[in-house]
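Below are the chains, spelled out letter by letter.
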Amino acid sequence: MSPRAQVYILAALLTVMGAGLTIYKNRELGFPLLPGEYRTVWTIEAKVRFTADGGPVKAALTLPRAQRNMQVLGETFSSSGFGFNIVRDDDEYRAVWSRRSASGNQTLFYQLDVHQTPGAPLEQPLALSTEVAPPFLGAREQEAVRQAIYSLVDTARDRSSDTKTFAAQLLIALNDPRNQDRNLIFSHYKNRSLVDVALIVLAAAEIPAHRIRGLYLEDDRRRLDPEDLLEVYDGRRWVVFEPNTGNPGVPPNFFIWQRGGKSLLDVEGGRNSRVTFSVISNDVPARDVAMLSTSNEKEALVDFSIYSLPIEQQSIFKLILLVPVGTLVVVLLRVFVGLRTSGTFMPVLLAIAFIETRLFTGLAIFVLILVLGLWVRFYLSRLNLLLVARIAAVVVTVVILMGVISVVSYKLGIEQALTVTFFPMIILAWTIERMSIVWEEDGPYEVVVQAGGSLLVAVLAWWVMTNRFVEHWTFNFPELLLVLLGFILIVGNYTGYRLGELMRFRQLVR
Amino acid sequence: MGRFNLRQLVARLRGGFVSPFALRRLGVLGMNARNVQYIARYNDRDRYPIVDDKLNTKRCARRHGIPVPELIAAFESQPSRRRVMEVIEPLWQFVIKPARGSGGKGILVVVGREGDNYLKPSGAAVSREDVLRHVSNIHSGLYSLGGKPDRVMIEALVDFDPVFDRYSFEGVPDVRVIVFRGFPVMAMLRCSTHSSDGKANLHQGAVGVGIDLATGKSCHAVQRGLRIARHPDTEMPFDELVVPGWRDLLRLASRCYEMTGLGYLGCDIVLDRRRGPLLLEANARPGLAIQLANGVGLRTRLRHIEALDMEQLERSVEARVDYAMNAFAAVPA
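Residues numbered from 1 in each chain as written. Chains lettered and ligands numbered in written order. Predicted model: local features only at pLDDT ≥ 70, side-chain atom pairs only at ≥ 80, totals over all residues.

1. A look at the sheet that holds strand E10 (residues 238-241) of chain A
Residue and element names in this part refer to chain A. In plain terms, the rule: Only when DSSP finds a minimum of two bridges between them are two strands counted as paired. A helix here means a DSSP run of H or I that spans at least four residues, while a strand means a run of E at least two residues long, and both kinds are numbered starting from the N terminus. Helix axes are fitted to C-alpha atoms over the stretch in contact, other axes to C-alpha atoms as well, and angles between N-to-C directions run from 0 to 180 degrees.
If you trace the four strands from one edge of the open sheet to the other, you get E10-E9-E7-E11, paired in antiparallel fashion. The open sheet has two free edges, formed respectively by E10 and strand E11 (254-259), since each of these has just one partner strand. Averaged over all neighbouring strand pairs, the angle between strand axes comes to 35°, with direction disregarded. Alignment of strand E7 (residues 209-216) against E11, held across five bridges, turns out to be antiparallel. Of the residues in E11, the one forming a bridge with Leu215 is Phe255.

2. Topic: the sheet that holds strand E4 (residues 112-114) of chain B
Residue and element names in this part refer to chain B. Strands sit in the order E4-E5-E6 across an open sheet of three strands; the sheet is antiparallel. Two strands in the sheet have a free side with no partner beyond their single neighbour: E4 and strand E6 (125-126). Relative to E6, strand E5 (residues 117-119) runs antiparallel, the two being bridged by two bridges. Across the sheet, residue Tyr118 finds its bridge partner in E6, namely Val126.

3. Some thoughts on the environment of Asn493 of chain A
To keep it simple, the criterion reads: With C-beta atoms placed from the backbone, the exposure class of a residue follows from how many other C-beta atoms lie within 10 Å of its own: 20 or more, buried; 12 or fewer, exposed; in between, partly exposed. Two residues qualify as being in contact provided that their C-beta atoms, derived from the backbone, are within 7 Å of each other.
Along the chain, Asn493 of chain A turns up in the loop between helix H16 (480-491) and helix H17 (499-504). On the basis of neighbour count, Asn493 of chain A is assigned to the partly exposed category, with 14 C-beta atoms found within 10 Å. A sequence separation of 490 residues divides Asn493 of chain A from Pro3 of chain A, and the C-alpha atoms of the two residues are 9.8 Å apart. Among residues more than four places away in sequence, those in contact with Asn493 of chain A are Arg4 and Val7 of chain A together with Val36 of chain B.

4. Here's the deal with the environment of Ala293 of chain B
All names here are of chain B. Turning to its location among the elements, Ala293 is positioned in helix H9 (residues 289-294). C-alpha separation for the pair Ala293 and Arg224, spaced 69 residues apart in sequence, amounts to 9.9 Å. Those residues in contact with Ala293 that sit more than four places away from it in its chain are Met188, Gly208, Val209, Gly210, His220 and Val222.

5. Side note on the interface of chain A and chain B
Our working definition: Amino acid classes used here: Ala, Val, Leu, Ile, Met, Phe, Trp, Tyr, Cys and Pro are nonpolar; Asp, Glu, Lys and Arg are charged; the rest, including Gly, are polar.
The partner chain B presents 31 residues to the 23 residues of chain A that form the contact. Those elements that place two or more of their residues in the side of chain A that touches chain B are helix H12 (387-411), helix H13 (425-442), H17 and helix H18 (506-509) of chain A. If one sorts the elements of the side of chain A that touches chain B by residue count, H18 of chain A sits on top with four residues. Residue classes in the side of chain A that touches chain B are distributed as twelve nonpolar, six polar and five charged.

6. Topic: the domain arrangement of chain B
Residues and elements named next belong to chain B. Short version of the rule: Here the bounds of each domain stem from an automatic or database domain assignment.
Here chain B is partitioned into domain 1 (6-52 + 161-327) and domain 2 (70-155). Taking only C-alpha atoms, the centre of domain 1 and the centre of domain 2 are 28 Å apart. Listed per partner, the contact involves seven residues of domain 1 and four residues of domain 2. Along the lines of polarity and charge, the residues of the side of domain 1 that touches domain 2 split into one nonpolar, three polar and three charged.

7. Concerning the environment of Gly295 of chain B
Here Gly295 of chain B lies in the loop between H9 and helix H10 (299-306). Since 20 C-beta atoms lie within 10 Å of it, Gly295 of chain B is described here as buried. A C-alpha to C-alpha distance of 9.7 Å links Gly295 of chain B and Val28 of chain B, two positions 267 residues apart in sequence. With residues up to four places along the chain from it excluded, the contact list for Gly295 of chain B reads Leu508 of chain A together with Gly210 and His220 of chain B.

Written out as structure tokens, the structure is:
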């Protein structure tokens, strides 16, 4: 295989790999493609209160199950003095607080952070029974109520074609204050909620149904009681209804806490038990949400990446990951434009220094050190020193210059100049040495051309490297480096003309 | 009418730039294409030391019977003052060179003496100390790529053939021949000028004179990218210029292919009054300015050679020179 074909195949492989990983991280792990994306994270707090009787106490709270459209980022429990564990009960998880003896008012907390991932449909519950227990409408119930219930069922059945539309019709009727049957039923079940009544009527119609407990996620809500939805089995699958409107589907912003009719809270050894909820929303950078949700799942791509390093090293890597972008700028400018620079990748190092120092301070300091350094170097060249000693002398001079610049500018109140320390000293010394040779051999004009070329490349590299998109992509999607590598390989195959050559060879065209 | 205006607009927007398609049509070789398609493909890395180190070049040339300027001494390690002085004391004229210098840097030419001082071609005097410092600089790698320690060589000054005297100002005229797979494909004479400060680099203002491969006569001359007819300092017209012993010179260049094993090669050749053409140095990465000097693209000629079959490529030096002189004769302007 020819080297050229190999380059293209390799570049294609690298690009596919890098782009694939990036898309995977974006789509599956939720890493944002654009910087500055925020996600709403809801902090839900369940507060369990009860009065203990003085004996052994056990409180069990049903915990929300994993849901497809809600991602649990983290949970905390607080329970001073109580033993705590999580038990699995059928297919529910319950938090159990227990204590040998307690008396007086007790308060327990359970808090969780969830992030809503839109679009995913609600999964079908596997273990919920579809058996119907017909409502006990015997002697205890008045005949009139019974009639009213069956009349509601019949009317709804007339107006519907299947279970789904039947449930919707039924809920509409139950919400209609002008409906006589409905009023009669509600006057009988005085303290029962709409969902309770709906469940009774549905049971009378022999349709499997249960309640869903949950919360509407709205910002800054306190002391909320759980709200109920209705879930109806249509013969093949479970369908959720919002009871007040009769609309099918889970309302947006509804966080499902419990599916099925079991109790939400059980307290043994206490009275007046109650669970209330409060909800707060926070705007969190999308990347942090992605990090939290993937660290729970131990995603290998994230677990074995730079994100697993300590924060300090991460911030160093943030800078290091920009270096390839700088080298790409150099490659483009040399291959396609043909700019002459002093030292191939010296401009990249300069650009990194500029990132720390800010552009104009950096430029000013660089030119100042270069000019002063060249001046000293010209004197040194008269002293007949060996090369290594001379460059070492220039390094020392550069260090002294840096110190002087720092101190003088600090005294003058120009604090930006303190960032002079970010300049790579050895590189500066070599640059000075090279420039002085260029000066002697090719004259000051060539020095200006080369220094100007290096600065131009450095400024362009700086400009690209400080672009917020580039910063975001290199740090959050380091696998894009593979794409960059592939691109550089392809550029390395370019055999066309450089921009400078279109100028250089213009006489040939005449 | 509208189209005419559009063309004017494009021309104005383009400024001094020409279309890459026009260059391609003329067969101009660009830097990227040179690096990828010729240097990387035809020049083996392990042959580079032969040309990158001038001492190696000299040694190799002697083995192949190619004439070179006489080597007086070479210092492998940092020489003592006395060693250097012992060598140069009896000499009137000599050249001090770094073995691995690039771009003609670090070459000190001494053409005479004046008391304790040495005279450069420009007439400027350098002291004994300056010469010693120059030796020390070369040795510590000031002129070599990457600053690696270098070797110092002292060569006899070439006794230049006076034919070019009036075409060069202060400097050394030399002939650069591009040899591709053993075939000379293009040649130019580099004449230093006052504005190039005696140096033979075209980008510093030296005159590049394209030489017709068939005859050795000048066919085109440029300075700083502009076509000229006379030398800017000596006012000599270039169309009278003929390189004597042209065929011998081409033969020498062609033989460098066997000597170096490099497929794409630039040979720098000077003419000695008594010995004829001498190989000054060879270059594995010859520049592209030769196209400007000749006013012709190099790529067409390289393609021509690439299209030859194996049998034609493996011919003798004589046959190759004959072929090149026929195939690449300059088209009269």
